[in-house]
Amino acid sequence: MNGLNGIGVKVVHVGGNGNAHAVLREIEARLQLLVEKGEEGSIDLSGLPLMPEDYDLLEETLGEGEVVAEVHSLGPTRIHETGIPGVWWVTHYNSDDEVLAEFIEVAWCPEILLTPEDDVKDGLEALRARLFELNPKSPLGGAPSLDL
Amino acid sequence: MRDETLLDTLKRRGISRRGFLKFCATTASMLALPPAMAAEVAAALGKVRRPAVIWLSFQECTGCTESLTRAHSPSIESLIFDAISLDYHHTLQAASGHAAEEAREHSMKQDWGNYLLLVDGSIPLKDDGVYSTIAGISNLQMLKDAAAGAAAIVSVGTCAAYGGLPHANPNPTGAVSVSEIIKDKPIINVPGCPPIPAVLTGVLAHYLTFGAIPDLDDLGRPKAFFGESIHDRCYRRPFYDQGKFAKTFDDEGARNGWCLFELGCKGPTTHNACATTKWNGGTSWPVQSGHGCLGCSEPDFWDGGSFYKALSTPISPVTGAAAAAVAIGAAAGVAIGLANRQTKAAAKAAHQKATIADLEK
Amino acid sequence: MNAMDLLLWSRGPGLGIAIGIFLFGMVLRLFEIYSLGRKRDLAPARTGGEGSGWRTMFTRSVPDRAQFKRSPVVFTTGYIFHIGFFIVLLFLLPHIELIRSISGLSWPALPTPVVDLIAVITLIALIVTLIYRIMDPVRRLLSTFGDYLAWTVTFLPVLTGYMAYHHLLFDYTLMLALHILSVELLLVVFPFTKLTHMVTLFISRWYNGEWFARKGVAS
Ligand code: SF4
Ligand code: SF4
């Protein structure tokens, strides 16, 4: 047997249940908020039952944008900007590549892509430690001309 | 480690700040909270201490535990389970016999008043509860003892929540639910036969993050997951409304994905999250796989008549009662008819002829 | 007792009891009426009465123009709610399933939104008849407790069914249980109120028609 084709099941398209339209309207409203007030927001796609047709409609309407990114923490998180700038598609997976949660974020940049401030501080320290290893004589590492 | 908050646990496991963000977003989604609540989840995680959990299994089939150990989001789920300290679960723990019972008693003593008690299976009451015992202790006794020191109780599965299968007619063991016995503790019912793993994890996550029990409906179920019926969220609903129904499991209608009402779907009276959360990591759910809902998360679902008869049909055949009623009705009708005839005959007999002379008097 | 228990009771023992009382009462009534008998007609019949009996059953079901003019409201709403009630009763799929499970007979259902609309119209018509009955002094004087009871038990099943379908007031499970219980109330009350006219009406019309023919009156 070859998957569903081997079984006497006809896969028919029952058609979306209209929820894609609801999501698109909400995106529109949030995008307007972002433009006018700079307010960011996000929509949980598991909150509404979406049929495959609804997904297709969502994907078709939003299209593909220029940015694709992947974060590796607690399993992958895949992010892409849709063809509508400011509208991001964020999917969290677990380490078995199963979807944990899926969001549409309407933002300048999804929060999970921004480097957390504390991480930057830690990063600065880490970098200094590495530079010190390269050139133990200089108190700030090996590049006095770049004195901060 | 007992005083550790969930945030500490996550940190100790080397989770990055982005990972934490992801954890909070996923948890909020799992709890059916709006995404903006993720920040609140994050704040709460830093405050609540990880609770000890004792899991008691009574008259059950272990299906609930099986379902749960196959929860679909291993990483998040294992984090949640890491975050609790499961001190006693007789199917999952390594210890057995006296050692196991000691572990339970020890944990109860240590966290008296603070632990979370999870129960699956119903409790037999008939004949002093001899039908189910653990280490010589009846389920009833063990439940009462363990409940006394619990902060809250989660009834996992329909048996613990409403009596389930053991409670089905004629209920030979006198099985009852947890809430029939324990009246003075908050009880969260997570019914289902078995319950959806993600729903149980969601309920635990809620308790862990907010340290309080979620909003419950009048049958003690968390509204976030049981607030709407299967039928309300069913993707076959448009067919129901249009009057397009599958008549058999292999006809044209079934192949076209039409509504399963005529095949016995109990979706309209069943509250569960199957239609939205789905099963097996969101792969599918019973109605999507072509079978009607059995109503497994409702009390007495086993006694609701055939699983394959429409919801609007009688549970038991009415022909017997109907035939008897017709017979009695006929007999009574004949009796009344005879009585009427007699009255008539008597009236006739008492009849006197009147003459003109009588009238002129 | 929770909503599910109530639903299970109404679909199980409750239904058995209601159908039992209904059949008991109806059979009793019919036997009673039949055993009253008719005086023998000694005069020779003018024509055969049977055809006339059947015809009258039909002709008397169509409104008479003169009478219609006298009280158009009663006629219109009366026809609307009777027809509406039967469409809802006989053409909603769950109802057909019920009939099929008891009798084995079935026929195609109407789309639910259509039945829904008809239910609303039926409810409105029923309310108008009630208002008319209360507002009109003659009708009010003529009305007895039995009339109001008959109206109530007819109104409730349509109302509760509508509310269950639209998830109004209570959860569907409870509303469905109340709906079935209201139908059971209708069944129980049926043989002992004017509602028996649903059956006896045809008997008496046939009887009238047959009598007309014997006497040589056009039906
Ligand atoms: S399949 Fe069941 S739950 Fe889905 S619409 Fe039909 S009756 Fe409702
Ligand atoms: S579809 Fe119905 S019977 Fe099946 S698991 Fe969900 S609630 Fe239980």
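(A) Representation of the interface of chain A and chain B in the model. Counting residues at the interface gives 36 residues for chain A and 26 residues for chain B. For the pair chain A and chain B, the summed buried area comes to about 2,500 Å², and 59% of that belongs to carbon and sulfur atoms. Between the two partners, chain A and chain B, sit three salt bridges. Ionic pairing is found between R17 of chain B and D119 of chain A, a salt bridge with its closest N-O pair at 2.3 Å. Our count for the chain A to chain B interface comes out at 13 residue pairs in polar contact (both at pLDDT 80 or more). Residue assignment for the side of chain A that touches chain B shows that the elements contributing at least two residues are β1 (41-44), β3 (76-82), β4 (87-93), β5 (99-106) and α4 (117-134) of chain A. Of the residues forming the side of chain A that touches chain B, the biggest block, four residues, is contributed by β5 of chain A. The class makeup of the residues in the side of chain A that touches chain B is 17 nonpolar, eleven polar and eight charged.

(B) Structural detail: the interface of chain B and chain C. Every contact between the two is made by 40 residues of chain B and, on the other side, 36 residues of chain C. Summing both sides of the interface, chain B and chain C together bury roughly 3,300 Å²; the carbon and sulfur share of this comes to 65%. Joining chain B to chain C, the criterion identifies one salt bridge. Here R100 of chain C makes a salt bridge to E262 of chain B, at a shortest N to O gap of 3.9 Å. For the pair chain B and chain C, the interface holds nine residue pairs in polar contact (both at pLDDT 80 or more). Listing elements by their share of the side of chain B that touches chain C, those giving two or more residues are α14 (237-242) and α17 (319-349) of chain B. Looking at the side of chain B that touches chain C element by element, the count peaks at 15 residues for α17 of chain B. Residue composition of the side of chain B that touches chain C, by class: 20 nonpolar, twelve polar and eight charged.

(C) Representation of the pattern of salt bridges in the model. Counted under the stated rule, the structure contains 22 salt bridges over all chains. E228 of chain B is paired through a salt bridge with R233 of chain B; the nearest N and O atoms lie 3.1 Å apart. For E228 of chain B, a relative accessible area of 36% corresponds to the partly exposed category. In this structure, D147 of chain C engages K194 of chain C in a salt bridge whose closest nitrogen and oxygen atoms are separated by 2.6 Å. You can see D147 of chain C sitting in helix α9 (residues 145-165) and its partner K194 of chain C sitting in the loop between α10 (172-189) and α11 (197-215), a full 47 residues away along the chain. Overall, the relative accessible area of 6% leaves D147 of chain C in the buried class. The exposed category is assigned to K194 of chain C, whose relative accessible area is 53%.

(D) Structural context of the state of the cysteines. One pass over the structure, following the stated rule, counts zero disulfides over all chains. C109 of chain A supplies the cysteine sulfur nearest to C24 of chain B, a cysteine that is in no disulfide, at a spacing of 18 Å.

(E) Molecular detail of the packing of aromatic side chains. Under the definition given, this model contains 14 aromatic pairs over all chains. Seen from their ring centres, Y55 of chain A and W89 of chain A are 6.4 Å apart, and the 40° between their planes marks the pair as tilted. Separated by 34 residues along the polypeptide, Y55 of chain A in helix α3 (residues 52-62) and W89 of chain A in strand β4 bring together distant segments of the chain. Arranged with centres 6.0 Å apart and planes meeting at 85°, the rings of Y240 of chain B and F245 of chain B form a pair that is edge-to-face. With respect to burial, Y240 of chain B and F245 of chain B carry one shared label: buried. Clustering of aromatic rings is evident, with ring pairs tying together Y240, F245 and F261 of chain B. Its guanidinium or amino end placed over the ring of Y93 of chain A, R78 of chain A lies 4.5 Å from that ring's centre, counting from NZ or CZ.

What counts as what
- Residues numbered from 1 in each chain as written.
- Chains lettered and ligands numbered in written order.
- Predicted model: local features only at pLDDT ≥ 70, side-chain atom pairs only at ≥ 80, totals over all residues.
- Heavy atoms only, no water.
- Contact = heavy atoms within 4.5 Å.
- Buried area = accessible area lost by both parts, 1.4 Å probe.
- Salt bridge = Lys/Arg side-chain N within 4 Å of Asp/Glu carboxyl O.
- Polar contact = N/O pair within 3.5 Å; in protein donor to acceptor, adjacent residues only side chain to side chain.
- Helix = DSSP H or I, 4+ residues; strand = E, 2+ residues; numbered from the N terminus.
- Nonpolar A, V, L, I, M, F, W, Y, C, P; charged D, E, K, R; others polar.
- Buried < 20%, exposed > 50% of the residue type's maximum accessible area, 1.4 Å probe, protein only.
- Disulfide = S-S within 2.5 Å.
- Phe/Tyr/Trp six-rings, centres within 6.5 Å; stacked < 30°, edge-to-face > 60°.
- Lys NZ or Arg CZ within 6 Å of the ring centre and 35° of its normal.

Any functional reading would require information that these geometric values do not contain.
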